[in-house]
Amino acid sequence: MELKITTSKNSIHIVHLKMESLHQGMCEGLQHMSESVFVAMCEIVGTSQQVAIRRETEDVKEMVERRLTNNWMLSGSYREGFRLIGSDIDWMYWLNNHRVIMDKSQSRYYNTTNTTLILFDNSESPPGFTLLQLLTPTTYRDVQSACVRMNGKVYISSSMYREITCSAVFPNSTVHGPCGSGNIAGRLEYDNAHCFVCDFWPQSASSWIDRCHSWPDPEVVHDIVRNGCHFVAIGHPLGPNENLQWRISFSLAEYKLVYSMNHSQFLIYGLLKCFLKEVINQQSEETNKLLCSYHMKTTIFWAIQQNTLSQWCPQNLLAGFWICFKLLLKWVHEGVCPNFFIPQNNLFLAKVRGSKQNRLFQQLHELYKKGLTCLLQSSSIRSYITDILYNPTLSICTNENVMRSEVDLDLELFQQCCSLDIDITDIRVCLQAIKIIEQLVNSPQHQYQDASLRKLSSSIFRNTAFILHEMNTIAVVNKHVYIANKIPCLMLKLAARFGCISDMLYIAMYHYKTLRYREALSVIEMTKVKLAQPYLMYRRRVDRERYTEAVGGQSWSTKMRQAVAWDIELHNRICYISELIPEQQSALQNKWPVLIIPLFVMLHFLEFLCYRHIDTTLSQAALDELQVLVHHDQGRYVHDLNRDISWEILGICQQITGNLQAALYSYQQSLTLYSWNNIQTATQRRIQDVIQSTLLQ
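The text that follows walks through the structure, step by step, so that each part is easy to find.

Cut-offs applied
- Residues numbered from 1 in each chain as written.
- Predicted model: local features only at pLDDT ≥ 70, side-chain atom pairs only at ≥ 80, totals over all residues.
- Heavy atoms only, no water.
- Phe/Tyr/Trp six-rings, centres within 6.5 Å; stacked < 30°, edge-to-face > 60°.
- Helix = DSSP H or I, 4+ residues; strand = E, 2+ residues; numbered from the N terminus.
- Buried < 20%, exposed > 50% of the residue type's maximum accessible area, 1.4 Å probe, protein only.
- Lys NZ or Arg CZ within 6 Å of the ring centre and 35° of its normal.
- Salt bridge = Lys/Arg side-chain N within 4 Å of Asp/Glu carboxyl O.

**Some points on the packing of aromatic side chains**
Reasoning step 1: Evaluation of the coordinates by the stated rule reveals 39 aromatic pairs.
Reasoning step 2: For the pair Y161 and W246, a centre-to-centre distance of 5.7 Å together with 50 degrees between the ring planes defines the contact as tilted. On the criterion of sequence distance, the pair formed by Y161 in helix 6 (residues 158–165) and W246 in strand 11 (residues 246–249) is long-range, its members being 85 residues apart. This pair shows no difference in class: Y161 is buried, exactly as W246 is.
Reasoning step 3: The interplanar angle of 45 degrees and the centroid separation of 5.7 Å between the aromatic rings of F461 and F498 together place this pair among those described as tilted. Of the two residues, F461 is situated in helix 18 (residues 449–475) and F498 in helix 19 (residues 481–498); the sequence distance between them amounts to 37 residues.
Reasoning step 4: Over the face of the ring belonging to Y255 we find R79, whose NZ or CZ atom lies 4.0 Å from the ring centre.
Reasoning step 5: Here K273 stacks its cationic end above the ring of F82, 5.0 Å away from the centre of that ring.

Rendered as structure tokens:
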């Protein structure tokens, strides 16, 4: 019988009837619907190739930085490979020369003359928590300030350390759990946890090792255990000495576990996160936020390890989701969510209890009674479900190679590579980084790591070049100037060879800095030609057909050199262009390491600066182009977050030409925008200079 849908109410009712009939068993129709939801989650979360790109690019950066500093780690959902709208970015920071040991006998593994030892003491703490006793002296002021005496021993207070380090990375952060939290530009939320690292696996988590029969693989278990754990600055709210206690963090182990999931399992994890945000947390204000993403992660971990599904595949996606949802419902009913590594640590103990627990259970049980129809409340996947219900014979392709084209994967890869950079301003560290990258290049690599290594190589080569130039300017006598200039120039050419089109502008910057204006303009003209190609991939914009015709099927290196460009990064401890020193100093005052300047803004800026010394007419023409770009661009070449520095650069050029009124207007525009680059102090000073110059005229 053909269905006649006349009203939205009837439509919803019929959809629910169809879903209820499908939910009676794992029939062919439900498997077909699972495939549709698999496709939906690939759209929302990404295909396995896209997720691999995100993970491998971050892994490459961490492999290099770990060998240089070894004191930070990207964690949370971003590290796991998610790029969900509204998700925050989590970092963990620790002191290299401070180590937690589980018992005093482990002190023999460390040189106590340069390593501060901290003793794990969980004798009076709830499962998953501990006190940290300072065993050997520390010279680190933040640790000293957080120390308290108790029973004749010195302990590090988690609450004091959390307050002290809250704004260490980003000013004006606020305490949130164990982290310093805030947002950048009102968009990007962050959580920075300052913690302590331990090279040993805690005894209280030994049962986890014994449980790992089927998942994860033995090599993953071994890798996790040998990398130890961390301690984050928060105590158990119901335990004694809450302000002294530290929570054992398994963030490193967790992202390795997520890496070991197959893509269907990962997408179920993503579906649980979406369901939490779009359905569970929308039930009522009373229970909103009682459950969090970490509970969803814990659920999928337990479900996979307990072999609750014979095959985790696209056809069983909804079956896997339902298993996890039922497990979550059981936990809420019992008021017990066992930590995956230390089951005795009940993650619900502090929040999900009493009347709120009862209310939450009622809400989840109402969703449970609806069966899989409860997924219709999820705005992200609703249409993918209804499409199948109204057209059961609809063909669904779960082949990920068909879902994403070569251009899609290139966009993902180069977007991820674009953000890869290492803030190095010491020449010895630069040379060490080059050596590390050389070792990585010569070692077995994953599929997408070549492009990542090229981007990092390019960044390090160009920074090394400008650092060398500064050193040579100070230390080299005149007869050695030619050689001193040649080495940085060669390094910048290497950077351009390893990087993309925009890396050519660093060569132009160097020529301008060394007063070789015609050479700089020659490089700028070559860059213009490359940027004018119709197949250019800049940020997320590209003509797919022309790009495929021009570089389709070619190597990453060829694509990067011939068809890819990204914005200009200036490390604020390195001088590239003297005209921007005030902006770099302003950013440094706000602990901001890098200026991000739109590529085409920098191109016109350099062109203006160089022509000033050669041809004033052409200099004015470059300024006119810059003015049109800054005034009228609608986000194609100037991202909203970089409009502050774009107006600032326009103002600098106008001030140089003596057009003080125009410069004042540009600086004022820069000041009204959100300062992603943290240049407000420089802008205010430039405004004062312009006003003073105007008064003197």
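**Re unusual backbone geometry**
Reasoning step 1: Cis peptide bonds are those with omega within 30 degrees of zero, and the linkage from W215 to P216 qualifies with -5 degrees.
Reasoning step 2: Locating P216 in the fold gives a position in the loop between helix 7 (206–211) and helix 8 (218–226).
Reasoning step 3: With a phi angle near 60 degrees, K591 is a residue other than glycine that sits in the positive phi range.
Reasoning step 4: Positionally, K591 belongs in the loop between helix 24 (581–589) and strand 15 (594–597).
Reasoning step 5: A residue is classified by how much of its surface remains accessible, and K591, at 45% relative accessible area, is partly exposed.
Reasoning step 6: A positive phi angle, close to 55 degrees, is found at N678, a residue other than glycine.
Reasoning step 7: You can see N678 is positioned in the loop between helix 28 (660–672) and helix 29 (680–696).

**Describing the pattern of salt bridges**
Pairing between side chains becomes possible if they bear opposite charge and their charged atoms approach one another.
Reasoning step 1: Evaluation of the coordinates by the stated rule reveals 27 salt bridges.
Reasoning step 2: Two residues, R54 and E412, come together in a salt bridge whose shortest N-O distance is 3.0 Å. Of the two residues, R54 is situated in helix 3 (residues 48–68) and E412 in helix 16 (residues 406–418); the sequence distance between them amounts to 358 residues.
Reasoning step 3: Note on E412: relative accessible area 6%, which makes it buried.
Reasoning step 4: Measuring nitrogen to oxygen at the nearest pair gives 2.6 Å for the salt bridge that ties K559 to E406.

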